[in-house]
Amino acid sequence: MQYPDFFDAVPRLRIRDPLAEFLGAADEGVLEYRYLDAVRLAGHSCPTVAGAFWLTRLALGALYCTRMAVRGGVRVAFRERVDNGVTGVVANVVSMLTGAAADGGFKGLGGQFERRGLLGFGGEQPFELRYTRADTGISVDASVQLGQVPADPDMAPLMRRCLAGEADADEARRFRELWQDRVRRLLFEHGDDPDVFVIRYVN
């Protein structure tokens, strides 16, 4: 699989999953997720997928500080319904990283490790997402302001030509480059920008 070089440079998320440890899937339950994992899950790389990956990494860091975050130990609430806009796409990435699942999630073993019911939609909250530790109740509200990272002006007309089947090979290549450059800029030039990736502790 060939992909843009910057995918491998995106910092990874290390997280401990007690279920993975219990069933012997990973030594001490430690799992490592790359941005490429989110791309494979979604089937594409875009600002929405990149934003979901990075926002979740930041939110878990805020919840657990110096400790490794616990997969399956966080509830995630979305302000929007799952079928609204890109909510479902974001939810898939968030679910992969946190283990949080809706009604169809893992039911647990012997009353432990349940992931079902940790993912909710249509909540009354100020931000797009709310991440809450199940053990302490500490919460952070989080959102990504993608409008703060504008696309190159040439990208929209090139996209239209590509979708209409009118673009030549050079135009199609240029469109792909501009699309992924916006993803790269979001992660590397704005990854620590509090106006783009907004995290707020809930009082």
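Up top is the structure these notes are about.
Residues numbered from 1 in each chain as written. Predicted model: local features only at pLDDT ≥ 70, side-chain atom pairs only at ≥ 80, totals over all residues. Heavy atoms only, no water.

1. Some remarks on the pairing of strand E4 (residues 74-78)
Part 1 of the reasoning: Burial along E4 is one-sided: Val74, Val76 and Phe78 are buried, and none of Arg75 and Ala77, which face the opposite way, are.
Part 2 of the reasoning: Across five bridges, E4 lies against strand E6 (residues 129-133) in antiparallel orientation. Counterpart to Phe78 in the pairing with E6 is Leu129.
Part 3 of the reasoning: Here E4 runs beside strand E5 (residues 119-120); their pairing, made up of two bridges, is parallel. Along E5, the bridge assignment pairs Ala77 with Gly120.
Part 4 of the reasoning: Once you follow E4 into helix H5 (residues 87-98) and on to E5, the crossover reads as right-handed. (Buried < 20%, exposed > 50% of the residue type's maximum accessible area, 1.4 Å probe, protein only. Helix = DSSP H or I, 4+ residues; strand = E, 2+ residues; numbered from the N terminus. Pairing = 2+ DSSP bridges. Right-handed = clockwise from strand over helix to strand, strands pointing away.)

2. A closer look at the sheet that holds strand E1 (residues 13-16)
Part 1 of the reasoning: Spatially, the three strands line up as an open sheet ordered E2-E1-E3, and their pairing is mixed. Lying at the two open borders of the sheet, with one neighbouring strand each, are strand E2 (30-33) and strand E3 (69-70).

3. With respect to the packing of helix H4 (residues 47-64) against helix H7 (residues 169-188)
Part 1 of the reasoning: At a minimum axis distance of 9 Å, the contact between H4 and H7 shows a crossing angle of 20°. One finds that H4 runs roughly parallel with respect to H7. Of the two possible hands of crossing, H4 and H7 adopt the one that is right-handed. Together, Pro47, Ala50, Gly51 and Trp54 of H4 and Trp179, Arg182, Val183, Leu186 and Leu187 of H7 make up the contact between the two elements.
Part 2 of the reasoning: Residue composition of the contact of H4 with H7, by class: seven nonpolar, one polar and one charged. (Axes fitted to C-alpha atoms, helices over the stretch in contact; angles between N-to-C directions. Parallel < 35°, antiparallel > 145°, perpendicular 65-115°, else oblique. Left-handed = near helix turned anticlockwise from the far one by under 90°. Contact = heavy atoms within 4.5 Å. Nonpolar A, V, L, I, M, F, W, Y, C, P; charged D, E, K, R; others polar.)

4. Section: the pattern of salt bridges
Part 1 of the reasoning: Taken as a whole and judged by the stated rule, the model has 17 salt bridges.
Part 2 of the reasoning: Here Arg71 makes a salt bridge to Asp17, at a shortest N to O gap of 3.0 Å. Taken together, the residues Arg71 in the loop between E3 and E4 and Asp17 in the loop between E1 and helix H2 (18-22) connect sequence positions 54 residues apart. As far as the burial class goes, Arg71 and Asp17 line up, both buried.
Part 3 of the reasoning: Glu80 is the partner of Arg79 in a salt bridge, and the nearest nitrogen-oxygen pair spans 3.7 Å.
Part 4 of the reasoning: The exposure class assigned to Arg79 is partly exposed, which follows from its relative accessible area of 31%.
Part 5 of the reasoning: By relative accessible area, Glu80 is classed as partly exposed at 33%.
Part 6 of the reasoning: Look at the salt bridges and you will find they share partners, linking Asp181, Arg184, Arg185 and Glu189 into a network. (Salt bridge = Lys/Arg side-chain N within 4 Å of Asp/Glu carboxyl O.)

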